[in-house]
Amino acid sequence: MECKIVEYGELNEEQKKQAVELFMEGFGHFMTFSKDEKQKRKLFQELFHPSLFLGYVEGEKVLGLLGIATSKARPLKFEHDICVKYFGKWKGAILSKQMNAIFQKQVVKEPKELYIDVLVTGREARRKGVGTALLNHAFDLEGYDTYSIEVFSNNQAAISLYEKSGFVVEKREKGSLMRFLGAGYPIKMKKQKAFNRT
């Protein structure tokens, strides 16, 4: 079966829904701003950046999702008008402002650094090379020589994948309040592109 990595904006409507489902499977427990799961999914379908989110597609099914951030943009921006459309004038405005304080915070400053903002694979696709293929796609993008990612300490499978892909631990944030969410503490990892020397 044919496998390809496709920008979110090029996915069909059903595949966009699948991409959002993957996102919610991996990150939905952090999205506590509404109990209306259907409404949140519709919101994300409209918010995902068309070229900074990429799907790993096998046949017609999205099995993995990659979100990348540069020094200029991140893949998830809570657009004011879209948030208002789904949550009303006041709640939408507050949601946009508060979520953008997190999701639009600059994570890399150097133009040659790429931040892996989102990497998630479906349960049926785990340990089948989908995550590795998405990372390798990011490593092959032109113009970047340094890659960063954050992972929670309890996610040993992801840590192992990143280490196998050449990431090394840069910082362990054991004092972070995020550990109270049950996922452990954040670990910042970095990888430098290897250059051939002749």
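In this text the structure is predicted, and so the values were computed from the model without any measurement.

Engineer: Hey, could you go over helix H3 (residues 80-87) for me, with residue numbers and the actual values?
Structural biologist: Among the residues making up H3, those that are buried are Ile82, Cys83, Tyr86 and Phe87. Angular distribution of buried residues about the axis of H3 spans 110°; they occupy a single face of the element. For H3, the exposed residues lying more than 90 degrees away from the buried face are Asp81 and Lys85. Those residues of H3 that are buried lie in contact with helix H2 (37-47) and helix H4 (89-103). Positive phi shows up at glycine 88, right after H3, with a value of about 85°.

Engineer: If you had to explain the pairing of strand E5 (residues 146-152) to someone new, which residues and values would you point to?
Structural biologist: Across the seven residues of E5, five count as buried, placing the element largely inside the fold. Inspection of the sheet shows strand E4 (residues 113-121) paired to E5 by four bridges, in the parallel sense. Residue pairing for E5: glutamate 113 is matched across the bridge by threonine 146. Regarding the hand of the β-α-β motif, the stretch spanning E4, helix H5 (residues 130-140) and E5 is right-handed. The pairing of E5 with strand E7 (residues 186-192) spans seven bridges and is antiparallel. Each residue of the ladder has a partner; that of tyrosine 147, found in E7, is lysine 191.

Engineer: Before we move on, could you go through unusual backbone geometry and cite the residues and values that matter?
Structural biologist: A positive phi angle is found at arginine 127, which is not glycine, with a value near 60°. With respect to the helices, strands and loops of the structure, arginine 127 is situated in the loop between E4 and H5. Taking relative accessible area as the criterion, arginine 127 reaches 79% and is therefore assigned exposed.

Engineer: Requested: an account of the packing of aromatic side chains, with residues and values cited.
Structural biologist: A full pass over the atoms with the stated rule returns 16 aromatic pairs. When the centroid spacing of 5.9 Å and the interplanar angle of 80° are considered together, the rings of phenylalanine 44 and phenylalanine 78 count as edge-to-face. With a gap of 34 residues between them, phenylalanine 44 in helix H2 and phenylalanine 78 in the loop between strand E3 (61-69) and H3 connect regions that are remote in the sequence. The exposure class of phenylalanine 78 is buried, given its relative accessible area of 0%.

Engineer: So what's going on with the pattern of salt bridges? Residues and values would help.
Structural biologist: The tally for this structure, following the rule as stated, stands at 12 salt bridges. Between arginine 41 and glutamate 37 there is a salt bridge, and its shortest N-O distance comes to 3.1 Å. With arginine 41 and glutamate 37 both in helix H2, this residue pair falls four residues apart, about one helical turn. Glutamate 173 serves as the salt-bridge partner of lysine 188, at 3.3 Å between the closest nitrogen and oxygen. Of this pair, lysine 188 sits in strand E7 while glutamate 173 is found in the loop between strand E6 (168-172) and E7, placing the two residues 15 residues apart along the sequence.

Engineer: I'd love a proper account of the environment of alanine 93, names of residues and values included.
Structural biologist: Relative to the helices and strands, alanine 93 resides in helix H4. C-alpha separation for the pair alanine 93 and lysine 164, spaced 71 residues apart in sequence, amounts to 42 Å. Residues within four places of alanine 93 in sequence aside, it is in contact with His80, Val84 and Gly88.

Engineer: Which residues make up the sheet that holds E6, and what values do they have?
Structural biologist: Ordered by their spatial adjacency, seven strands build an open sheet running E1-E2-E3-E4-E5-E7-E6, and the pairing between neighbours is mixed. Of all the strands in the sheet, the pair left with one neighbour each is strand E1 (3-7) and E6. The mean angle between the axes of side-by-side strands here comes to 30°, regardless of whether they run parallel or antiparallel. Looking at chain direction, E6 and E7 are connected through four bridges and run antiparallel. The residue of E7 that forms the bridge with valine 168 is lysine 190. Where H5 meets the sheet, its contacts fall on E1, strand E2 (53-58), E3, E4, E5 and E7, and the angle it forms with E4 comes to roughly 160°. Docked against the sheet, helix H6 (residues 156-164) engages E4, E5 and E7, running at close to 165° with respect to E5.

Quick notes on the rules
- Residues numbered from 1 in each chain as written.
- Predicted model: local features only at pLDDT ≥ 70, side-chain atom pairs only at ≥ 80, totals over all residues.
- Heavy atoms only, no water.
- Buried < 20%, exposed > 50% of the residue type's maximum accessible area, 1.4 Å probe, protein only.
- Helix = DSSP H or I, 4+ residues; strand = E, 2+ residues; numbered from the N terminus.
- Arc of directions from axis to C-beta.
- Contact = heavy atoms within 4.5 Å.
- Pairing = 2+ DSSP bridges.
- Right-handed = clockwise from strand over helix to strand, strands pointing away.
- Phe/Tyr/Trp six-rings, centres within 6.5 Å; stacked < 30°, edge-to-face > 60°.
- Salt bridge = Lys/Arg side-chain N within 4 Å of Asp/Glu carboxyl O.
- Axes fitted to C-alpha atoms, helices over the stretch in contact; angles between N-to-C directions.

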